[in-house]
Amino acid sequence: RKFGYAIVGLGKYAVNQILPAFAECEYAKVTALVSGDMSKARRLGKHYGIEESHLYTYDNFDKIAQDPEVDAVYIILPNSLHADFTERSFRAGKHVLCEKPMAVTVEECQRMIAAGKKAGKKLMIGYRCHFDPVTHKAIELARTSIGKPQIISTDNGDNTDPTDPTYQWRLTRALSGGGALMDLGIYGVNGSRYMLNEDPIEVQATIMPPSDPMFREIDETIVWIMRYRSGAVAHGSASFNVNAMSRFNLQGTEASLRMDPATSYWCNSVSHCTSGDTHTWSTPMFTIPALNQFSAQLDHLAISVANNTPLAATGEEGMQDVRLIRAMYQSANSGSRPVSTDWGDWRKTI
Ligand code: NAD
């Protein structure tokens, strides 16, 4: 039988991206829904063929322990709820796929990892780009065809609509844990690490003063620098008040790599330039067969559980990004002074 997922939180990402993606899964299917709004759960349950007995509220969620159709719980809730629902899911004896950012503090991440180990179940973080063939092509080029990696630049941003509930919790620190960096900058942080296959040893960040009171609790716009032992440097920005952007550039001693968009849902691209002429990208954009990142991600946990093979995005991976993000906030809140992140480079080749 297919590996069964319970989806917790029926918001924008769950409804628009994840639920439809099961149609293209080979090994996974959705078998339960968990929501605070039972009429929404019933409506979606009907659409996806899920019976009333597999619909749960946040309050009676723990009953999922007795649901044999559910192998894993996919947590797609506001960030500050990730840790509690992960622990509850492990207590119910299920595997967990948890959205990024893994949690809002390092302590929560540690609790989540410990709970998974105690339950003997897998914990995966929803880094969908790890399943994008365009990202894989970029990593291959970064390893083989640019000389020594020197400078990364990365920018992620979007506009905020404060009337849309999906943005409201993002503006509330207690629910989001932070602003543009937590939500969008994390793609640049994680991307810089997998592109260089190295972790930064020092970070520095500056939060720009908010341009609108709606951003008073969180970073509207943040810029940062990450320094690496190899001598490489990554600089990045994230903003909640710009036209949508998702860019990644890697400058090596012999060639340049450009991704724009880098981390979108469907249409990422990568180009490679060796000409020495900054105006000409000598290699045309690569043609890479499209692959549904969301379905591949859902299947990946199913395969990992069935064959006991390693996960592409573990809890430890998610925690390292949260640690770096917290260090960046620490820097930004202390006059942008450098903060050491030299915790040991545990990264293995992905
Ligand atoms: P959303 O606001 O659209 O959905 C969140 C859901 O949580 C809603 O159904 C809401 O009702 C529910 N919820 C439960 N308790 C809540 C509370 N106390 N306050 C507010 N909402 C509550 O948000 P979203 O965009 O779907 O994001 C959810 C998670 O998914 C976040 O962690 C986000 O970072 C992540 N996400 C990841 C990607 C990706 O590409 N990997 C994309 C979008 C969102």
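These numbers come from a predicted model, not from an experiment.

S.K.: Account for the sheet that holds strand β12 (residues 256–259), naming residues and giving values.
M.R.: Strand order in the open sheet formed by 8 strands is β13-β12-β11-β7-β10-β9-β8-β14, and the pairing between neighbours is mixed. Pairing within the sheet leaves two strands with one partner each, and these edge strands are β13 (270–273) and β14 (339–340). Sheet analysis places strand β7 (residues 149–159) next to strand β10 (residues 233–239), joined by 7 bridges and oriented parallel. Its bridge partner being in β10, Ser 153 is matched across the sheet by His 235. On top of the sheet, helix α10 (residues 315–332) reaches β8 (202–207), β9 (221–227) and β14; it is set at about 55° to β8, its chief contact.

S.K.: Requested: an account of unusual backbone geometry, with residues and values cited.
M.R.: The phi torsion of most residues other than glycine is negative, and most of the peptide bonds are trans. Along the chain, Lys 100 connects to Pro 101 via a cis peptide bond; the corresponding omega equals -15°. The omega angle of the peptide bond from Asp 260 to Pro 261 is 0°, so this bond is cis rather than trans. Looking at the secondary structure, you find Pro 261 in the loop between β12 and β13. In this model, Asn 308 sits at a positive phi of 50°, which is unusual for a non-glycine residue. Assignment of secondary structure puts Asn 308 in the loop between α9 (293–307) and α10. Judged by its relative accessible area of 61%, Asn 308 is exposed. Positive phi, normally seen in glycine, also occurs at Ser 336, with a value near 65°. Counting through the fold element by element, Ser 336 comes out in the loop between α10 and β14.

S.K.: Lay out the site of the ligand in plain terms, naming residues and giving numbers.
M.R.: Taken together, 24 residues surround the ligand, and among them Lys 12, Asn 79, Arg 128, Thr 166 and Trp 169 come closest. Take His 82: an N or O atom from its side chain is 3.0 Å from an oxygen atom of the ligand. For the ligand, whose unbound accessible area comes to 830 Å², protein coverage reaches 80%. Spatially, the ligand is embedded in the largest pocket. Elements supplying a minimum of two residues to the shell around the ligand: α1 (12–21) and α8 (180–196).

S.K.: Go over the side chain of Ser 304 with me, naming the residues and quoting the values.
M.R.: Note on placement: Ser 304 falls in helix α9. A distance of 3.1 Å separates polar atoms of two side chains, one belonging to Ser 304 and the other to Lys 122. With residues near it in sequence (within four places) discarded, Ser 304 still touches Lys 122, Thr 309, Pro 310 and Leu 311.

S.K.: An account of the domain arrangement of the protein is needed here, citing residue identities and associated values.
M.R.: Partitioning the protein into domains gives domain 1 (3–126) and domain 2 (133–288 + 320–340). Its C-alpha centre places domain 1 at a distance of 28 Å from the equivalent point of domain 2. If you look at the interface, domain 1 gives 14 residues, while domain 2 gives 16 residues. When the two sides are added together, the surface that domain 1 and domain 2 hide from each other amounts to roughly 1,300 Å², 63% of it contributed by carbon and sulfur. Between domain 1 and domain 2 we count 2 salt bridges in total. Between Lys 100 and Asp 183 there is a salt bridge, and its shortest N-O distance comes to 3.7 Å. Every element with two or more residues in the side of domain 1 that touches domain 2 is listed here: α1 and α4 (106–119). In terms of residues, the side of domain 1 that touches domain 2 owes the most to one element, α1, which gives 3 residues.

S.K.: Quick one: what's the story with the pattern of salt bridges, residue by residue and with numbers?
M.R.: Summed over the entire model, instances satisfying the criterion amount to 16 salt bridges. A salt bridge links Asp 62 to Arg 88; its shortest N-O distance comes to 2.8 Å. Here Asp 62 is found in the loop between β3 (55–56) and β4 (72–75), whereas its partner Arg 88 is found in helix α3 (residues 82–91), with 26 residues between them in sequence. By relative accessible area, Arg 88 is classed as buried at 16%. The closest approach of N and O atoms between Asp 155 and Arg 247, which form a salt bridge, is 3.6 Å. One end of the pair, Asp 155, is in strand β7; the other, Arg 247, is in strand β11 (residues 241–252), with 92 residues separating them in the sequence. Judged by its relative accessible area of 16%, Asp 155 is buried. With relative accessibility at 32%, the residue Arg 247 sits in the partly exposed group.

The rules behind these values
- Residues numbered from 1 in each chain as written.
- Predicted model: local features only at pLDDT ≥ 70, side-chain atom pairs only at ≥ 80, totals over all residues.
- Heavy atoms only, no water.
- Pairing = 2+ DSSP bridges.
- Helix = DSSP H or I, 4+ residues; strand = E, 2+ residues; numbered from the N terminus.
- Contact = heavy atoms within 4.5 Å.
- Axes fitted to C-alpha atoms, helices over the stretch in contact; angles between N-to-C directions.
- Buried < 20%, exposed > 50% of the residue type's maximum accessible area, 1.4 Å probe, protein only.
- Near = heavy atom within 4 Å.
- Polar contact = N/O pair within 3.5 Å; in protein donor to acceptor, adjacent residues only side chain to side chain.
- Areas by Shrake-Rupley, 256 points an atom, 1.4 Å probe, with all protein chains shown as cover.
- 1 Å grid on protein atoms, 1.4 Å probe; cavity = no way out; pocket = protein on both sides within 12 Å on 5 of 7 lines; lining within 4 Å.
- Sits in = over half its atoms within 2 Å of the grid points.
- Domains from an automatic or database assignment.
- Buried area = accessible area lost by both parts, 1.4 Å probe.
- Salt bridge = Lys/Arg side-chain N within 4 Å of Asp/Glu carboxyl O.

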